[in-house]
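Structural overview
Take a look at the letters that make up each chain.
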Amino acid sequence: QVQVAESGGGLVQAGGSLRLSCAASTTKFIGVMAWYRQAPGKQRDWVAAITSGGATNYADSVRGRFTISRDNAKKTVYLNMNNLKPEDTAVYYCKIGVIQLGRPTTDYWGQGTQVTVSS
């Protein structure tokens, strides 16, 4: 059983910054952590991911502006969003991958946090 809590969303002006946090409460080992977002009327898109070793990857739309990081001791993943654009407006979801027996098993999702970027 994994509890996932997101925070950090809000309203920001274009060009501004926000930092999202997602903390997992579990005794299980965590592998990949990732962020997704879903704009109104659109499908949920992958944004960024980070492995347990700290390797990162980003969607083309956010590369160079967003930074994903993690604190393994706190079992928390962050998304530092800079130079925000109105197109970044969406509900942001974190995904936590749980590892058992050395392999990924179940993915757990946060409840979502709204990010609104005004022009």
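Up top is the structure.
Residues numbered from 1 in each chain as written. Predicted model: local features only at pLDDT ≥ 70, side-chain atom pairs only at ≥ 80, totals over all residues. Heavy atoms only, no water.

1. Notes on the pairing of strand 10 (residues 103–109)
Relative to strand 10, strand 9 (residues 90–100) is paired through five bridges, and the arrangement is antiparallel. Within strand 10, the position partnered with I99 by the bridge is P104. Linking strand 9 to strand 10, which pair antiparallel, is a turn of two residues; within it L101 sits at a positive phi near 55°. (Pairing = 2+ DSSP bridges. Helix = DSSP H or I, 4+ residues; strand = E, 2+ residues; numbered from the N terminus.)

2. Considerations on the pattern of salt bridges
Counting across every chain of the model gives three salt bridges. In this structure, D60 and R63 form a salt bridge, with 2.5 Å as the shortest nitrogen-oxygen distance. Note on D60: relative accessible area 66%, which makes it exposed. For R63, a relative accessible area of 44% gives the class partly exposed. (Salt bridge = Lys/Arg side-chain N within 4 Å of Asp/Glu carboxyl O. Buried < 20%, exposed > 50% of the residue type's maximum accessible area, 1.4 Å probe, protein only.)

3. As for the pairing of strand 3 (residues 18–25)
Taken together, the five bridges between strand 1 (residues 3–7) and strand 3 define a ladder with antiparallel strand orientation. Within strand 3, the residue paired with V4 across the bridge is A24. Pairing analysis gives six bridges linking strand 3 to strand 8 (residues 76–81), with the strands arranged antiparallel. Its bridge partner being in strand 8, S21 is matched across the sheet by Y78.

4. What to know about the environment of I99
Position of I99 relative to the elements: it lies in strand 9. With relative accessibility at 25%, the residue I99 sits in the partly exposed group.

5. Quick notes on unusual backbone geometry
Of note, N83 is a non-glycine position whose phi angle comes to about 50°, a positive value. Tracing the chain through its elements places N83 in the loop between strand 8 and strand 9. Residue classification places N83 among the partly exposed positions, given a relative accessible area of 45%. At L101, a position not held by glycine, the phi torsion is positive, near 55°. Residue placement: L101 occurs in the loop between strand 9 and strand 10.

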